[in-house]
Amino acid sequence: MSIEEYKDVWVFIEQREGEIFDVGLELLGAGRELADKLEVNLCGVLLGNNVKNSAEGLYAYGADIVYVIDDPVLENYRTETYMKAVGDLVRKYKPEIFIYGATSNGKDLASAVATEVMTGLTADTTMLDINLEKRLFEASRPAFGGNIMATILCKKHRPQMATVRPKVMKKPEADFSRTGKIIEEDLGLKEEDLQTKIIDIVKSAKKSVNLEESDIIVTAGKGIKDEKGMAMVKELADTLNADLGASRDVVEAGLIGHAHQVGQTGVTVTPKLYIVIGVSGAVQHTVGMQNSDVIIAINNDPEAAIFNVAHYGIVADAFEIVPKLTAELKKALDKEGVTTNG
Amino acid sequence: MNILVSIKQVPDTKVIKVNPKTNTLDRSSAPAILNPYDAHAVQEAVRLKQKHGGKVIVLSMGPPQAANAIRKCVEIGADEGYLISDKKFAGADTLATSYALYKAIEKLEKEQGIDLVLCGKHAIDGDTGQVGPGIARRMGMPPLTNVINVESVDTDNKLIRVHRKIEEGHEVIESPLPCLLTVEKTINEVDYAPLPNMLRAARYEPYVWSVDDLEDVDIKQLGLKGSPTIVGTMWPPEKSSGAEMIEGSTDEQVSRLLEVMSDTQELLAVKGGDGA
Ligand SMILES: Cc1cc2nc3c(=O)[nH]c(=O)nc-3n(C[C@H](O)[C@H](O)[C@H](O)COP(=O)(O)OP(=O)(O)OC[C@H]3O[C@@H](n4cnc5c(N)ncnc54)[C@H](O)[C@@H]3O)c2cc1C
Ligand SMILES: Cc1cc2nc3c(=O)[nH]c(=O)nc-3n(C[C@H](O)[C@H](O)[C@H](O)COP(=O)(O)OP(=O)(O)OC[C@H]3O[C@@H](n4cnc5c(N)ncnc54)[C@H](O)[C@@H]3O)c2cc1C
């Protein structure tokens, strides 16, 4: 295998029922930067049933080419069909770099494809770059429970592949003047030949809170101590029309549900404003919030690690400053009289 | 029904420390444990065995000490343990790991027949979740990842029905046996080990295989040599820039905070508007 034959940056575009997952668009943004550095095309890979119409929409997010396989057998994700489809495309068109969203299905697919085409795959990356001198893809990821970051290289095999965590890369602004082209391929599999059958898809009731979509999050840490502290933080959140976040310790203390947990074993969030109160700043927490636009930390310990990731820090007793802040905000936002304890 | 569970010994990442001078992990700082997800995989295998008969075989690749992780599986109820251990396996990435494990499973399959392979969703150290699907691809088995429930096993028709967790809920999927599942922790609760299991585990010695005990192995696909990825630089994850500290009395701090937040005024106004 000659690795020079491999060019272009590919992004797997995950969809369900024709609706494209945001992570695919985020990766087009990240992929555009990689492709520009390498001076190659950025290509999307879109598989599904009746998805062809969605392909053109990807140009606006940076794609130059979209590879499409439209086939009823691809209606829902299954490893055996998607692995075949992607494997065939890779062998035929030879991408240099191929990135996938680190969703359940994205990880499943990427792992199977890596084995299928015998190449390296870096898992759950949060930073992507190119070493131009060596023309190498540098994919970095947290490992050992977030205790360390590592850059993983794949020197002698192509494509260089990685899965990328959702919400880590920014979704680019759409530019509807961009154009591109579609390349369609056939799958060549029939339903009768397949081993696995999807019997049903059960959607869980919509989560009470979806922090991944929030613009403002106010997060409570163990420093808020108990229900009273929680109520105090909630009042601030309500005043700002913000959603409530929490550290794991607060969730484990039973003060709020797990859907609110931010961090490695909770959700990864990127709000415009993240106010974090009484959180020490353990790496398992900060991996989930460090890409927020503005981070304000309140903690009574000047040495707290949270100040390393915050943009603004306040050393203060939360029980003193938070009620004052809430009161002043109410005045500023002219929201006095609005019930906030709902 | 013979069930093979692939298990890994890992450092307990809750207590592991990073050496600030070398930016490497001080593995001696952390005790080695059975990967927590794999404990659930073994428990599920034991549960299925109790229902459908057969035996539970565990397999691990690692240094000789990994025998301790296998003993832990015997406590949970595994019948037999195999450890593949050889310098030639060292430095393996997920592709080389799945190759070595596949070669061992192939041999066990030939010797005693395997109807189902279970893996954890991921290992808490390397944390890639790539080994399970890799083994499945090599065995030509359908991989069913992120399984939260084994709904039914039909041993006559060799079919299994499981629930796979996906972003919006779960899907119910049916597959012929043999196949491979990777399991989430929520699939079950790991029971306390009954005393006879504990006694048996304490004395248990797993079968240990070197590369030479496996058949038709392509040495080039093993260990560091067989690994397309390499770990380059490592560093502790922190942003060193630090915060701009807002000093002064509480009142001063609050008013400066309001200023800072007024940079996001537009946002506050919009949110406040539609929320009120
Ligand atoms: C595998 C693994 C996964 C994990 N996943 C997550 C995760 O997803 N999310 C997560 O958050 N954690 C996670 N953790 C836990 C994490 O390591 C920390 O233990 C946790 O984040 C600490 O929560 P905390 O900051 O609220 O509590 P603490 O560490 O107890 O910090 C409390 C802080 O409040 C401050 N404080 C006390 N009183 C006041 C006061 N009156 N006013 C102001 N400040 C005050 C203290 O100075 C201290 O800094 C995980 C751990 C492991 C091992
Ligand atoms: C910092 C760091 C980063 C790394 N990043 C990558 C990377 O991005 N890509 C890559 O290919 N490799 C990577 N590796 C190498 C990888 O950790 C090893 O290949 C490891 O042997 C298997 O990967 P895992 O721990 O991620 O297992 P996972 O794939 O997360 O494990 C899933 C399941 O597979 C089974 N399993 C895994 N290992 C074994 C074993 N030894 N014996 C028996 N069963 C097992 C278990 O059932 C386990 O629950 C990295 C290593 C380090 C130190």
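Residues numbered from 1 in each chain as written. Chains lettered and ligands numbered in written order. Predicted model: local features only at pLDDT ≥ 70, side-chain atom pairs only at ≥ 80, totals over all residues. Heavy atoms only, no water.

Under the annotation held in an unreviewed UniProt entry, chain B carries the name Electron transfer flavoprotein small subunit and is attributed to Salisediminibacterium halotolerans. Per its UniProt entry, chain B bears the Sequence similarities (unreviewed entry) comment "Belongs to the ETF beta-subunit/FixA family." The UniProt entry for chain B carries the following text under Cofactor (unreviewed entry): "AMP". (UniProt positions renumbered as here; feature names shortened; annotations may be inferred.)

The name given to chain A in an unreviewed UniProt entry is Electron transfer flavoprotein alpha subunit, with Salisediminibacterium halotolerans as the source organism. According to UniProt, the comment filed for chain A under the heading Sequence similarities (unreviewed entry) is "Belongs to the ETF alpha-subunit/FixB family."

Participant: Whenever I open this one, the domain arrangement of chain A confuses me. Can you help?
Facilitator: Buried accessible area, meaning the area lost when the parts come together, often serves as the stated size of an interface. Residues and elements named next belong to chain A. Once the domains are mapped, chain A shows domain 1 (3–193) and domain 2 (211–332). Computed over C-alpha atoms, the centres of domain 1 and domain 2 are 34 Å apart. Taken residue by residue, the interface counts six residues in domain 1 and nine residues in domain 2. Summing both partners gives a buried area of about 770 Å² for domain 1 against domain 2, and 44% of it is carried by carbon and sulfur. Three residues stand out in domain 1 for area buried against domain 2, namely Gly-145, Lys-167 and Lys-170, and they jointly supply 57% of the buried area on that side. If you look at where domain 1 meets domain 2, you find one salt bridge. Of the charged contacts in the structure, one is a salt bridge between Asp-293 and Lys-170, with a shortest N-O distance of 3.0 Å. (Domains from an automatic or database assignment. Contact = heavy atoms within 4.5 Å. Buried area = accessible area lost by both parts, 1.4 Å probe. Salt bridge = Lys/Arg side-chain N within 4 Å of Asp/Glu carboxyl O.)

Participant: Looking at this structure, I do not really get the interface of chain B and chain A. What am I missing?
Facilitator: Each partner contributes to the interface: chain B provides 74 residues, whereas chain A provides 78 residues. Summing both partners gives a buried area of about 6,700 Å² for chain B against chain A, and 63% of it is carried by carbon and sulfur. Applying the counting rule to chain B against chain A returns three salt bridges. Across the pair A:Glu116 and B:Arg137 runs a salt bridge whose closest N-O atoms are separated by 2.4 Å. Looking at the side of chain B that touches chain A, the element that brings in the most residues is helix H6 (residues 250–262) of chain B, giving nine residues. (Helix = DSSP H or I, 4+ residues; strand = E, 2+ residues; numbered from the N terminus.)

Participant: Is there a simple way to explain the UniProt feature "domain: Electron transfer flavoprotein alpha/beta-subunit N-terminal" (unreviewed entry) in chain A in this structure?
Facilitator: Residues annotated in UniProt with the feature "domain: Electron transfer flavoprotein alpha/beta-subunit N-terminal" (unreviewed entry) correspond here to residues 9–198 of chain A. The span residues 9–198 of chain A is 26% helical and 33% strand by assignment, and the distance between its end C-alpha atoms comes to 32 Å.

Participant: Explain the site of ligand 2 here, please?
Facilitator: Neighbouring residues of ligand 2: 34 residues in total, closest B:Ser6, B:Lys8, B:Asp38, B:Thr94 and B:Thr128. Close to ligand 2, residues of chains A and B are found. Here an oxygen atom of ligand 2 sits 3.1 Å away from a polar atom, N or O, in the main chain of A:Ala123. Side-chain polar atom of B:Thr128 to an oxygen atom of ligand 2: 2.6 Å apart, as the coordinates give it. Protein contacts shield 93% of the accessible area of ligand 2, which totals 940 Å² for the unbound molecule. For the shell around ligand 2, the secondary-structure elements that each account for two or more residues are strand S7 (121–125), strand S9 (136–143) and strand S10 (148–154) of chain A together with strand S6 (56–61), helix H3 (94–112), strand S8 (116–120) and strand S14 (229–235) of chain B. Of the residues contributing to the shell around ligand 2, the split by class is 15 nonpolar, 13 polar and six charged. (Near = heavy atom within 4 Å. Polar contact = N/O pair within 3.5 Å; in protein donor to acceptor, adjacent residues only side chain to side chain. Areas by Shrake-Rupley, 256 points an atom, 1.4 Å probe, with all protein chains shown as cover. Nonpolar A, V, L, I, M, F, W, Y, C, P; charged D, E, K, R; others polar.)

Participant: Just to check I follow, could you spell out the packing of aromatic side chains for this structure?
Facilitator: The geometry of an aromatic ring pair comes down to the distance between the two centres and the angle between the two planes. Residue and element names in this part refer to chain A. Scanning all chains against the criterion turns up 10 aromatic pairs over all chains. Between Trp-10 and Tyr-67, the ring centres sit 4.8 Å apart and the planes meet at 40 degrees, which makes this aromatic pair tilted. Residue Trp-10 is located in strand S1 (residues 9–13), and its partner Tyr-67 is located in strand S5 (residues 65–70); the two are separated by 57 residues in the primary sequence. Both rings, one in Phe-12 and one in Tyr-100, keep their centres 6.0 Å apart while their planes meet at 35 degrees; by these two values the pair is tilted. With a gap of 88 residues between them, Phe-12 in strand S1 and Tyr-100 in strand S6 (residues 97–101) connect regions that are remote in the sequence. Each member of the pair, Phe-12 as well as Tyr-100, is classed as buried. In textbook terms, an aromatic cluster arises when at least three aromatic residues are bridged by ring pairs, as seen for Trp-10, Phe-12, Tyr-67, Tyr-77, Tyr-82, Tyr-93, Phe-98 and Tyr-100. (Phe/Tyr/Trp six-rings, centres within 6.5 Å; stacked < 30°, edge-to-face > 60°. Buried < 20%, exposed > 50% of the residue type's maximum accessible area, 1.4 Å probe, protein only.)

Participant: Before we go on, may I ask you to explain the pattern of salt bridges in this structure?
Facilitator: Side-chain pairing between opposite charges can occur once the charged atoms of the two side chains come close. All names here are of chain A. Within this structure, the stated rule accounts for 41 salt bridges over all chains. Among the salt bridges present, the one from Arg-32 reaches Asp-64, with a minimum N-O distance of 2.9 Å. Here the residue Arg-32 occupies a position in helix H1 (residues 22–38), and Asp-64 occupies one in the loop between helix H2 (52–55) and S5, the gap between them amounting to 32 residues. Side by side, Arg-32 and Asp-64 carry an identical accessibility label, which is buried. Across the salt bridge formed by Glu-185 and Lys-92, the nearest N and O atoms sit 3.0 Å from each other. In this pair, Glu-185 is assigned in the loop between strand S12 (181–184) and strand S13 (197–203) and Lys-92 in helix H3 (residues 79–93), connecting sequence segments 93 residues apart.

Participant: Looking at this structure, I do not really get the confidence of the model for chain B. What am I missing?
Facilitator: Regions with low pLDDT carry predicted coordinates that are not meant to be interpreted in detail. Predicted confidence across chain B gives a mean pLDDT of 90, with 92% of residues reaching 70 or more. Every residue in residues 269–276 of chain B scores below 50 in pLDDT, and together they form five contacts with partners more than four places removed in sequence or on other chains. (pLDDT = per-residue confidence, 0-100.)

Participant: Is there a simple way to think about the sheet that holds strand S8 (residues 127–131) of chain A in this case?
Facilitator: Backbone hydrogen bonds hold the strands of a sheet together, and the pairing may be parallel or antiparallel. Spatial strand order, S8(A)-S9(A)-S10(A)-S14(B): four strands in an open sheet with antiparallel pairing. Of all strands in the sheet, those bounded by a partner on one side alone are S8 of chain A together with S14 of chain B. For this sheet, the mean inter-axis angle between neighbouring strands, taken without regard to orientation, is 30 degrees. Where S8(A) and S9(A) come together, five bridges link them in antiparallel fashion. Within S9(A), the position partnered with A:Ile130 by the bridge is A:Phe137. Along the sheet, H1(A) contacts S8 and S9 of chain A; its crossing angle with S8(A), the most-contacted strand, is approximately 5 degrees. (Pairing = 2+ DSSP bridges. Axes fitted to C-alpha atoms, helices over the stretch in contact; angles between N-to-C directions.)

Participant: Would you take a moment to explain the nonpolar core for this structure?
Facilitator: When a protein is soluble and globular, its nonpolar side chains tend to lie buried together. B:Val5, B:Ile7, B:Val42, B:Leu116, B:Val150, B:Ile160 and B:Leu181 are the most contacted members of the largest nonpolar core, which totals 37 residues. Mapped by element, the contributors of at least two residues to this core are strand S1 (3–6), helix H1 (36–52), S6, helix H2 (67–76), S8, strand S9 (143–154), strand S10 (159–166) and strand S12 (179–183) of chain B. No other element matches the six residues that H1(B) contributes to this core. Setting aside residues up to four positions removed in sequence, B:Val5 forms contacts with B:Ala41, B:Val42, B:Ala45, B:Val56, B:Ile57, B:Val58, B:Leu59 and B:Leu118. Judged by nonpolar contacts, the second largest core, of 36 residues, contains A:Met230, A:Leu255, A:Ile277 and B:Ile246. (Core = buried A, V, L, I, M, F, W, Y, C linked by side-chain atoms within 4.5 Å.)

Participant: Explanation requested: the site of ligand 1 in the structure shown.
Facilitator: Around ligand 1, a shell composed of 27 residues is seen, among which A:Lys222, A:Ser247, A:Val262, A:Thr265 and A:Ser280 lie nearest. Ligand 1 is flanked by residues contributed from chains A and B. At 3.0 Å, a backbone N or O of A:Gln264 approaches an oxygen atom of ligand 1. The separation between an oxygen atom of ligand 1 and a polar side-chain atom of A:Asn299 is 2.8 Å. Alone, ligand 1 offers 990 Å² of accessible surface; in the complex the protein occludes 82% of this. Of all the secondary structure elements, the ones that give two or more residues to the shell around ligand 1 are helix H6 (248–252), helix H7 (283–286) and helix H9 (318–332) of chain A. Residues belonging to the shell around ligand 1 are distributed by class as follows: six nonpolar, 14 polar and seven charged.

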